[in-house]
Amino acid sequence: ILNVEQSPQSLHVQEGDSTNFTCSFPSSNFYALHWYRWETAKSPEALFVMTLNGDEKKKGRISATLNTKEGYSYLYIKGSQPEDSATYLCASSNQAGTALIFGKGTTLSVSS
Amino acid sequence: DSGVTQTPKHLITATGQRVTLRCSPRSGDLSVYWYQQSLDQGLQFLIQYYNGEERAKGNILERFSAQQFPDLHSELNLSSLELGDSALYFCASSAGTYREFGETQYFGPGTRLLVL
């Protein structure tokens, strides 16, 4: 994998559903994996930064895991709420303090 | 609010013109990054400055240039504008100390450029 790829491209769920997205990234020269939440007309908001294989991070109902050996990360949202509707971006970097390579994002829509 | 500010919020201009986008990083952050979000594209890295010096270049066109000033704010200059330059331009900043494990980049609200 040469680029950061995210799937699915978009997702529509009902309030209360749990959901997850995938981010695939180059496993060679990997340093860190970032997840961002981007609401329309706002700035991308940092959710998690993970660097170690097997890392798991949690923030409220949102959690993420990291597998650096196979080059993927999962983002989970438990009990989706309408306010979770946003585009979720993942990005990788190959060293500290360098540019992020972004995927195109997964757009989540949660209906009440 | 990330603490990163960008001006202007919107910009409408004509082909062939030149514009300047401005970014003020979070207080204390030394690194500034510029990204471009075009239709159907992910965020594309353009250029990075660290403490006034250019540190890395990405997919930045020769018509584009940037600088970071002593007060650490940064400007992105776009010249000889073409229709395809219409995009959302983000600035991000990070501490630049490299002590933070996996240093977070904080994004500004973006400048939406429309070239007619």
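See above for the structure.
Everything numeric here is computed off the predicted structure, so don't read it as measured data.

Thresholds, definitions, all that
- Residues numbered from 1 in each chain as written.
- Chains lettered and ligands numbered in written order.
- Predicted model: local features only at pLDDT ≥ 70, side-chain atom pairs only at ≥ 80, totals over all residues.
- Heavy atoms only, no water.
- Helix = DSSP H or I, 4+ residues; strand = E, 2+ residues; numbered from the N terminus.
- Contact = heavy atoms within 4.5 Å.
- Areas by Shrake-Rupley, 256 points an atom, 1.4 Å probe, with all protein chains shown as cover.
- Pairing = 2+ DSSP bridges.
- Axes fitted to C-alpha atoms, helices over the stretch in contact; angles between N-to-C directions.
- Polar contact = N/O pair within 3.5 Å; in protein donor to acceptor, adjacent residues only side chain to side chain.
- Salt bridge = Lys/Arg side-chain N within 4 Å of Asp/Glu carboxyl O.

Student: How should the overall build of chain B be read in this particular structure?
Tutor: A count of helices and strands for chain B gives zero helices and eleven strands. Secondary structure of chain B in N-to-C order comes out as β-β-β-β-β-β-β-β-β-β-β. The principal-axis extent of the C-alpha atoms belonging to chain B is close to 45 × 25 × 20 Å. In chain B, the proportion of contacts linking residues at least 24 apart, taken out of those at least 6 apart, comes to 56%. Carbon and sulfur atoms provide 48% of the accessible area of chain B, an area that totals close to 5600 Å².

Student: I'm lost on the sheet that holds strand β1 (residues 5-7) of chain B in this one. Help?
Tutor: The strands making up a sheet are joined through hydrogen bonds of the backbone, oriented either antiparallel or parallel. Residue and element names in this part refer to chain B. A sheet is described by the order of its strands in space; here four strands give the open sequence β1-β3-β8-β7, paired in antiparallel fashion. Strand pairing shows two members of the sheet lacking a second neighbour, β1 and β7 (64-68), which therefore form its edges. The average angle at which neighbouring strand axes cross in this sheet is 15 degrees, direction not considered. Pairing geometry for β7 and strand β8 (residues 74-78), over five bridges, is antiparallel. Bridge assignment links Ser 65 to a residue of β8, and that residue is Asn 77.

Student: It is not clear to me how the side chain of B:Thr111 should be interpreted in this structure. Could you clarify?
Tutor: Position of B:Thr111 relative to the elements: it lies in strand β11 (residues 111-115). A distance of 2.5 Å separates a polar atom in the side chain of B:Thr111 from the backbone oxygen of B:Pro8.

Student: Could you clarify how one ought to interpret the pattern of salt bridges in this entry?
Tutor: Where charged atoms from two side chains of opposite charge come close, those side chains can pair. Taken as a whole and assessed by the stated rule, the structure comprises eight salt bridges over all chains. Here A:Glu39 and A:Lys42 are joined by a salt bridge, their closest N and O atoms 3.8 Å apart. B:Arg26 serves as the salt-bridge partner of B:Asp29, at 2.9 Å between the closest nitrogen and oxygen. Here the residues in one salt-bridge network are A:Arg37, A:Glu39, A:Lys42 and A:Glu45, joined through shared partners.

Student: Would you explain the sheet that holds strand β7 (residues 62-67) of chain A in this entry?
Tutor: All names here are of chain A. With respect to topology, five strands assemble into an open sheet ordered β1-β3-β8-β7-β6, the strand pairing being antiparallel. Of all the strands in the sheet, just β1 (5-7) and β6 (56-59) have a single pairing partner and so form its edges. Taking each pair of neighbouring strands and ignoring which way they run, the sheet shows an average axis angle of 15 degrees. Across six bridges, the pairing between β7 and strand β8 (residues 72-77) is antiparallel. Among the inter-strand pairings, Ala 64 is bridged to a residue of β8, identified as Leu 75.

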